[in-house]
Amino acid sequence: MEGLVLCSANYTPLTPLSFLERAAFVYRKRVALIHGNTSFSWEGLHGRCVKFASALSQLGVSPGDIVAAVAPNVPALYELHFSVPMAGAVLSALNPRLDAATLAQLLQQLEAKVIFVYFDFIEIVLHALNILEEKDKPYLVVIINESKVKELPVLSAPANILDYYTLLEMGQSNFKIVYPKNEFDPISVSFTSGSTGKPKGVVYSHRAAYLNAIADIFRYEMQKMPVFLWTVDMFRCNGWCLPWTVAALGGTNICLGEINGKEILDAIYLHNVTHFCGAPMILTKISDAIATNQPLLPHQVNVTVAGVLPPLEILTKLEELGFIINHAYGMSEALGPMISMSRTYQDEFSKLNEDVNVKIREGIHSIMMEEVDVKDPESMKSVPADGKTTGEIMFRGNAMMLGYLKDTSKTEEAFEGGWYRTKDLGIKFPDGYIKLKDRIVDIIKSGGKIISTLEIEAVLIRHPMVLEAAVVALPDDVVGETPCAFVKLKEGCFMTEEEIIKFCKDWLQDYMVPKAVIFGDLPLNSSGKIQKFILRDKAKELKRPLS
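Criteria and cut-off values
- Residues numbered from 1 in each chain as written.
- Predicted model: local features only at pLDDT ≥ 70, side-chain atom pairs only at ≥ 80, totals over all residues.
- Heavy atoms only, no water.
- Helix = DSSP H or I, 4+ residues; strand = E, 2+ residues; numbered from the N terminus.
- Buried < 20%, exposed > 50% of the residue type's maximum accessible area, 1.4 Å probe, protein only.
- Polar contact = N/O pair within 3.5 Å; in protein donor to acceptor, adjacent residues only side chain to side chain.
- Pairing = 2+ DSSP bridges.
- Core = buried A, V, L, I, M, F, W, Y, C linked by side-chain atoms within 4.5 Å.
- Domains from an automatic or database assignment.
- Contact = heavy atoms within 4.5 Å.
- Salt bridge = Lys/Arg side-chain N within 4 Å of Asp/Glu carboxyl O.
- Nonpolar A, V, L, I, M, F, W, Y, C, P; charged D, E, K, R; others polar.
- Phe/Tyr/Trp six-rings, centres within 6.5 Å; stacked < 30°, edge-to-face > 60°.
- pLDDT = per-residue confidence, 0-100.
- Axes fitted to C-alpha atoms, helices over the stretch in contact; angles between N-to-C directions.

A. Quick peek at the side chain of Asn 73. Its place among the elements puts Asn 73 in the loop between β3 (66–70) and α3 (75–86). By relative accessible area, which is 8% here, Asn 73 ends up buried. Within the structure, Asn 73 has its side chain in polar contact with the backbone oxygen of Val 232 (distance 2.8 Å). One polar contact links the side chain of Asn 73 to the main-chain amide nitrogen of Met 234, over a distance of 2.9 Å.

Now the structure itself:
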């Protein structure tokens, strides 16, 4: 149309940096972050981030450079989510539990100019850098409690080592923040958990991070000035984009020294926590820590977990105390959870009133993920919404990754057909509910039937003696594949293969019952996910007789 123009007056590239700018202006003296006896206001936090951005610039960090961090959920890692992009750089928060060889692989891919490392992980980072044997060592910035700065040892390599507080003093408070010229510029690189053994660097844009942070407000039912407890790792999809969400709402971040059930409960009562997120294991930890005479929570606490839920008795116990438990589904490529709903609604979908069904559809159709569907991966046609036909779950929308770092072919494969292909199988119900069935690589094909390993695992975990369980395909000469269960029992418990099989027969159809059960520890990656590719190799070694 004539007379229209796009200019600085009506367009500014979207970036979550604007959330911190607003928080510093609007919420000023309100507490932004608490860690033990340390706390910062939003005004103070903003000032620190500006100085850190200035210091990074002085170290030679330029727009587009990558800055890595190897740290747990401490205030410094929260600050880096703002200070690194304020310098125009790209943050890559790495799992501090990685071994040196894996960490070296990721650092080689990143080519980071600066690496921030928490004091406890210095040795593993130095080991990783020595494996690389690069001549130009990156700056190493050591994160240490201010009271322990004098304890910092003299380290031999790399030569250019600073501590976090020295870096802060280098910064200038009048530094001009480097805003993105293009909202599709990268803001971070998050690595997938590597459940297949090959972690990939997933690149997020300022735009996607901004929009997903806004979506989090709806997804987790947040209101102004929430109190957020950091139980989800900030290295995991940038803490599901929640560092930026809490800033947008002027909330308070609570960082724990140790994440266990008692610490979580104590923090909830002490700080009036309203929300926290993470792996389902935190629910079990909280349940184990609940005292006989535990008082009800001061108010309802919204908790969202992603993964296989613990047994029903644990969920019920927590809900009676005052927790609202939401179950999420997502992946690194979608910046974290994309689908989220109260777990109490899932099995009763479409049997309840329309208000509840609307709530479920809200969880399925995220406000920043324009389309979520189940499709035939070959024809790309939507599968019938009959609750039976299996297809691949696919996404497309504004809160998606830009692609995989330095891997164009994998990026093109993921986005083939104009949708993000999750490689997860699901079914769609008439009222819109999408149920995850299994990973494509994990599904068991047995005599013309498709068996979901997740459904068998959900049954196994119900047994009071079972701590962890995983199911994979066992080669079979007659039907092709049959289920094989790997089970880790709780400490002090003993069960036989026959007892596990009998228990499963009470809950599952005969063709879904495991034909073999192996007891012992399950192989986990550094993120705590079961490495099924290792279990599949073990199952292949088992010789099943002709039946």
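After that view, the rundown keeps rolling.
B. A look at the pairing of strand β16 (residues 371–375). Most of β16 is tucked away: 4 of the 5 residues are buried. Bridging between β16 and strand β17 (residues 391–396) involves 5 bridges; their strand directions are antiparallel. By the bridge assignment for β17, Lys 375 is matched with Glu 392.

C. Spotlight on the nonpolar core. Counting residues in hydrophobic clusters, the biggest one holds 92 residues, and the most contacted among them are Trp 42, Tyr 78, Phe 116, Tyr 164 and Phe 395. The greatest single-element share of this core, amounting to 8 residues, is contributed by helix α2 (residues 42–58). Among the domains, domain 1 (20–179) and domain 2 (209–439) are the pair contributing at least three residues each to this core. Contacts of Phe 116, omitting those with residues within four sequence positions, involve Leu 56, Val 67, Ala 68, Ala 69, Val 70, Leu 80, Val 141, Ile 143, Tyr 164 and Leu 167.

D. How the structure looks around the domain arrangement of the protein chain. What the domain assignment lists for the protein chain is domain 1 (20–179), domain 2 (209–439) and domain 3 (445–542). The gap between the C-alpha centroids of domain 2 and domain 3 is 26 Å. Taken together, the contacts link 8 residues of domain 2 with 8 residues of domain 3. The interface formed by domain 2 and domain 3 holds 1 salt bridge in total. Counting the contacts that link domain 2 with domain 3 gives 3 residue pairs in polar contact (both at pLDDT 80 or more). Of the residues forming the side of domain 2 that touches domain 3, the biggest block, 3 residues, is contributed by strand β20 (residues 434–439). Along the lines of polarity and charge, the residues of the side of domain 2 that touches domain 3 split into 4 nonpolar, no polar and 4 charged.

E. Representation of the environment of Ala 469 in the model. Examined against the element boundaries, Ala 469 turns out to sit in strand β23 (residues 466–476). Separated by 11 residues in sequence, Ala 469 and Ala 458 place their C-alpha atoms 8.5 Å apart. Excluding its chain neighbours within four sequence positions, the residues that come into contact with Ala 469 are Glu 457, Leu 460, Ile 461, Phe 486, Leu 522 and Ile 530.

F. Spatial organisation of the packing of aromatic side chains. This model, assessed by the stated rule, comprises 13 aromatic pairs. On the basis of an interplanar angle of 25° and a centroid distance of 6.4 Å, the ring pair of Tyr 220 and Trp 240 is categorised as stacked. Placement of the pair is Tyr 220 in the loop between α7 (206–219) and β10 (227–229) and Trp 240 in helix α8 (residues 237–240), with a sequence separation of 20 residues. Both residues of the pair, Tyr 220 and Trp 240, belong to the buried class. Relative to Tyr 420, the ring of Phe 415 lies with its centre 6.3 Å away and its plane at 75°, an arrangement referred to as edge-to-face. Chaining the aromatic ring pairs together yields one cluster made of Phe 52, Phe 116, Tyr 164 and Tyr 165.

G. Inspection of the pattern of salt bridges at higher detail. Counting across every chain of the model gives 18 salt bridges. Where Glu 371 meets Arg 396, a salt bridge forms, and the shortest distance between an N and an O atom there is 2.8 Å. Taken together, the residues span a long stretch of sequence, with Glu 371 in strand β16 and Arg 396 in strand β17 at a distance of 25 residues. Overall, Glu 371 belongs to the partly exposed group, its relative accessible area being 33%. Given the relative accessible area of 34%, Arg 396 is considered partly exposed. The closest approach of N and O atoms between Lys 428 and Asp 373, which form a salt bridge, is 2.8 Å.

H. Broad picture of the confidence of the model for the protein chain. Averaged over the protein chain, the pLDDT score is 89; the fraction of residues at 70 or greater is 90%. A low-confidence stretch, residues 154–158 (pLDDT under 50), is modelled with 9 contacts involving residues beyond four sequence positions or located in other chains.

I. The arrangement of the sheet that holds strand β24 (residues 480–489) in detail. Here 3 strands make up an open sheet; going across it, the order is β23-β24-β25 and the pairing mixed. A strand with exactly one partner marks an edge of an open sheet, and here the two such strands are β23 and β25 (516–519). On average, each strand axis in the sheet is inclined to that of its neighbour by 25°, with strand direction left out of account. Across the sheet, helix α18 (residues 532–540) touches β23 and β24, and the angle it forms with β23 is around 50°.

J. Representation of helix α11 (residues 281–289). All buried positions along α11 are accounted for by Ile 282, Leu 283, Thr 284, Ile 286 and Ser 287. Summarising the contacts, the buried residues of α11 are in contact with α10 (261–271), β12 (275–278), β13 (301–306), α12 (312–321) and β14 (323–331).

K. View of the sheet that holds β17. Here 4 strands make up an open sheet; going across it, the order is β16-β17-β19-β20 and the pairing antiparallel. With partners counted over all chains shown, the strands left at the sheet margins are β16 and β20, one partner each. On average, adjacent strands in this sheet sit at an angle of 45° to one another, irrespective of strand direction. Judged from the 5 bridges that link them, strand β19 (residues 420–428) and β20 form a sheet pairing that is antiparallel. Bridging from a neighbouring strand, Lys 428 pairs with Ile 434 of β20.

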